Every structure is written in C-alpha cells, then in structure tokens.
Amino acid sequence: MKVALITGGSRGIGAAAVETFAKNGYTVILNYNNSKSKAKALQQRLLAENCDVHLYKADVSDIAEVSAMFGYVSKYFKHLDVLVNNAGISCTAQIQDVTEAEFDSVMSVNAKGVYFCCKYALPVLAKCNGTIVNIASIWGVRGASCESVYAMSKHAVVGLTRSLALELSDFGITVNALCPPMVLTDMTSGYTKDEMSAFCADTGTPIYSPKQIAQQIYDIALSGLNGVVAE
C-alpha cells in the first residue's frame with residue numbers, strides 16, 4: 001500500500017492531486033482546514049470510484065496540529081511514500097498596504113507550514129525512502145509586483161527544497177518543488193482575462209488547469225529526481 005498525504009487537498013491543485021494519486025492506486029490522506037464540505041464531497045466521489053481517501057483536518061500553520069497529523073499517519077498507516085505540501089494562501093497588495101497580520105498569516109501557512117510538515121513527516125517518510133513535493137510558484141523564483149509577501153513565502157519554499165534535498169538524502173528521501181505559473185484556481189479567480197494574458201506574455205508561460213499541475217506533481221514524485229525546482 002502506497003500512501004500520499006496532500007495538504008490543502010480540498011480544492012484547486014490540491015484536490016486535483018488527491019484525485020490523481022487516488023486513481024493511481026495510492027491511499028490518500030486529504031488534509032484540509034476550512035473547506036470540510038468540499039473535502040467530504042471529493043472523498044465521497046472518489047470512494048464511489050473504489051479509491052481509498054481519508055480526511056484529516058489540520059491547520060498547517062499550527063505546529064501542534066501538524067505534529068498530531070503525522071502522529072496519526074504513523075499510528076494508522078505506519079509509513080508515508082509521498083508528502084505534497086500544497087496548502088497556501090495569497091495576499092495581493094502593495095507593500096505599504098500590507099499589515100503585520102497579513103504578513104504573518106501568509107508566512108505562517110506558506111513557509112512555516114511547509115517547514116514543519118517536512119520536519120514531522122520525516123520519521124514516516126524515512127521508513128520507505130519517501131519523497132516530498134513542495135508547491136512553490138513562478139513568483140517564488142521571479143518575483144511579482146503587488147505580490148511581495150506571497151513571492152517571499154514561495155522563495156522560502158524554494159530555498160527549503162534545495163536545502164532539504166541535500167540534508168535528507170542521507171535518509172533516502174528526495175525533495176523537489178514545482179513552481180506553477182498561472183493556474184485556474186480560486187486563488188487566481190480575481191484576475192481578468194486581459195491580466196492573465198499579460199502575465200502569460202510577460203513570463204512566456206501558458207495557463208494551466210489544476211489537473212495538469214497535479215499530473216506534474218505525480219510525475220515528479222515518481223521520478224526519483226532530487227533537488228529539482230521546476231517552473
């Protein structure tokens with residue numbers, strides 16, 4: 001039995017990743033925080049298709065809840081083959097308008113959450129030479145106007161990925177990151193078509209669906225590669 005845990009798995013890229021891993025025979029632990037109804041609906045749909053999906057509510061910015069989540073994995077599943085750190089929030093504003101509370105919220109979920117999920121997943125990942133896939137962003141590599149806090153948090157994810165790829169290789173664990181560009185999710189729903197087109201022209205990238213990114217997550221998880229930060 002191969003086991004994958006996907007944070008922020010109730011919608012967007014996370015939900016598509018849950019479906020992709022589940023339909024490829026993985027037992028999937030779908031982590032969610034606020035979107036219980038969406039998580040439950042996705043679970044029920046996949047169970048009806050003979051997939052094995054379990055729900056676990058935890059706020060990844062809360063270290064105690066993260067620790068408890070991986071304690072649950074250790075107790076009931078014994079090991080973990082794949083950790084997908086997908087949970088994330090955004091903040092679109094000029095730097096002079098960003099509050100301390102907004103800064104702390106984004107950094108706590110997007111950076112601290114990824115860090116401590118990696119830390120507490122280590123014992124169960126080490127049992128089977130598991131792999132970590134961190135979801136960063138193209139803005140975490142190139143930066144973006146009016147996305148300074150979000151971009152900063154995703155730069156942190158890129159730095160963590162490269163560091164842990166070196167550090168965790170002794171445990172047989174691989175660590176990679178994906179840096180998606182424009183993806184059609186709730187997070188990008190506030191952009192107009194013209195703004196999306198301008199972004200794609202500026203970055204030389206297409207617009208992706210969550211399903212396309214989920215397939216990339218699955219492929220890199222099974223690739224055996226280590227330390228890759230893929231745009």
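Data block above holds the structure.
The rules behind these values
Throughout, residues of each chain are indexed from 1 in the direction in which the sequence is written. Given that the model is predicted, a residue must reach a pLDDT of at least 70 before its local features are reported, and side-chain atom pairs must reach 80 or more before they are shown or counted; all residues, however, enter totals for whole chains, interfaces and linings. Just so you know, side-chain values use all the structure's heavy atoms and leave hydrogens and water out. Each helix corresponds to a stretch of at least 4 residues labelled H or I by DSSP, and each strand to a stretch of at least 2 residues labelled E; elements are numbered beginning at the N terminus. The globule rule used for comparison is 2.2 Å times the number of residues to the exponent 0.38, while the radius of gyration itself is calculated over C-alpha atoms. Whether two residues are in contact is decided by their heavy atoms, any of which lying within 4.5 Å being enough. Residue exposure ignores everything except the shown protein chains as possible cover, and the areas themselves are Shrake-Rupley values with a 1.4 Å probe. His is not counted, nor are the chain ends; Lys and Arg add positive charge and Asp and Glu add negative charge. Every charge is mapped onto a representative atom, which is NZ of Lys, CZ of Arg, CG of Asp or CD of Glu. Think of a nonpolar core as a cluster: buried Ala, Val, Leu, Ile, Met, Phe, Trp, Tyr and Cys residues, connected wherever their side-chain atoms sit within 4.5 Å. Accessible area is worked out with a 1.4 Å probe on protein chains only. A residue is then buried under 20% of its type maximum, exposed over 50%, and partly exposed in between. Two strands pair under a simple rule: DSSP has to find at least two bridges between them. Structural elements are reduced to axes, namely lines fitted to C-alpha atoms, with helices fitted over the stretch in contact, and the angle between N-to-C directions of any two is expressed from 0 to 180 degrees. Here is the rule for angles: anything less than 35 degrees is roughly parallel, anything more than 145 is roughly antiparallel, 65 through 115 is roughly perpendicular, and the remaining ranges are oblique. Crossings are assigned a handedness: left-handed for a near helix turned anticlockwise from the far helix by less than a right angle, right-handed for a clockwise turn. Throughout, the ten residues Ala, Val, Leu, Ile, Met, Phe, Trp, Tyr, Cys and Pro are labelled nonpolar, Asp, Glu, Lys and Arg are labelled charged, and all others, Gly among them, are labelled polar.

Enquirer: I'm lost on the overall build of the protein chain in this one. Help?
Expert: Each helix and strand in the protein chain was counted, giving eight helices and seven strands. Taking 17 Å as the expected radius of gyration for a compact globule of 231 residues, we find that the protein chain reaches 17 Å, a close match to that expectation. On the principal axes, the C-alpha backbone points of the protein chain span a range of 45 × 40 × 35 Å. Counting contacts in the protein chain only where the partners sit at least 6 residues apart, residues at least 24 apart contribute 73% of the total. Carbon and sulfur atoms provide 53% of the accessible area of the protein chain, an area that totals close to 10,600 Å². Here the protein chain holds 18 positive side-chain charges and 20 negative ones, and the gap between their average locations is 10 Å.

Enquirer: Where do I start with the nonpolar core in this structure?
Expert: Soluble globular proteins tend to bury their nonpolar side chains together. Of all hydrophobic cores here, the largest spans 35 residues; its most connected members are Leu5, Ile29, Phe70, Val73, Leu80, Leu83 and Ile132. Taken together, the elements giving at least two residues each to this core come down to strand 1 (3-6), helix 3 (63-76), helix 4 (100-126), helix 6 (148-167) and strand 6 (174-178). Sorting elements by how many residues they give to this core places helix 4 first, with seven residues. The residues contacting Leu5, other than those within four sequence positions of it, are Ile29, Asn31, Met69, Phe70, Val73, Leu80, Val82, Leu83 and Val84.

Enquirer: Can you help me understand the sheet that holds strand 3 (residues 52-57) in this one?
Expert: Each strand in a sheet pairs with its neighbour through backbone hydrogen bonds, running either in the same direction (parallel) or in the opposite one (antiparallel). Strand order in the open sheet made by the seven strands is 3-2-1-4-5-6-7, with parallel pairing throughout. Two strands close off the open sheet at either side, each with one partner strand: strand 3 and strand 7 (229-230).

Enquirer: Teacher, can you tell me more about the packing of helix 3 against helix 4 here?
Expert: Helices that pack against each other are described as a pair by the angle of their axes relative to one another and the distance between those axes. Look at helix 3 against helix 4: their axes get within 9 Å of each other, and the N-to-C directions meet at 30 degrees. As the angle between them shows, helix 3 and helix 4 are arranged roughly parallel. Seen from above, helix 3 lies across helix 4 with right-handed handedness. From helix 3, Ile63, Val66, Ser67, Met69, Phe70, Val73 and Ser74 reach across to helix 4, where they touch Lys112, Phe116, Cys117, Tyr120, Ala121 and Val124. Each residue belonging to the contact of helix 3 with helix 4 can be placed in one class, and the counts come to ten nonpolar, two polar and one charged.

Enquirer: What is the right way to look at the packing of helix 1 (residues 12-23) against helix 8 (residues 210-221) in this model?
Expert: The contact between helix 1 and helix 8 brings their axes to 8 Å, and the two run at 55 degrees. Classified by the angle between their axes, helix 1 and helix 8 sit oblique to one another. Helix 8 is crossed by helix 1, and the crossing has right-handed handedness. Of helix 8, the residues touching helix 1 (which contributes Gly12, Ile13, Ala16, Ala17, Thr20 and Phe21) are Pro210, Lys211, Ile213, Ala214, Gln215, Ile217, Tyr218 and Ala221. Looking at the contact of helix 1 with helix 8, its residues break down into ten nonpolar, three polar and one charged.

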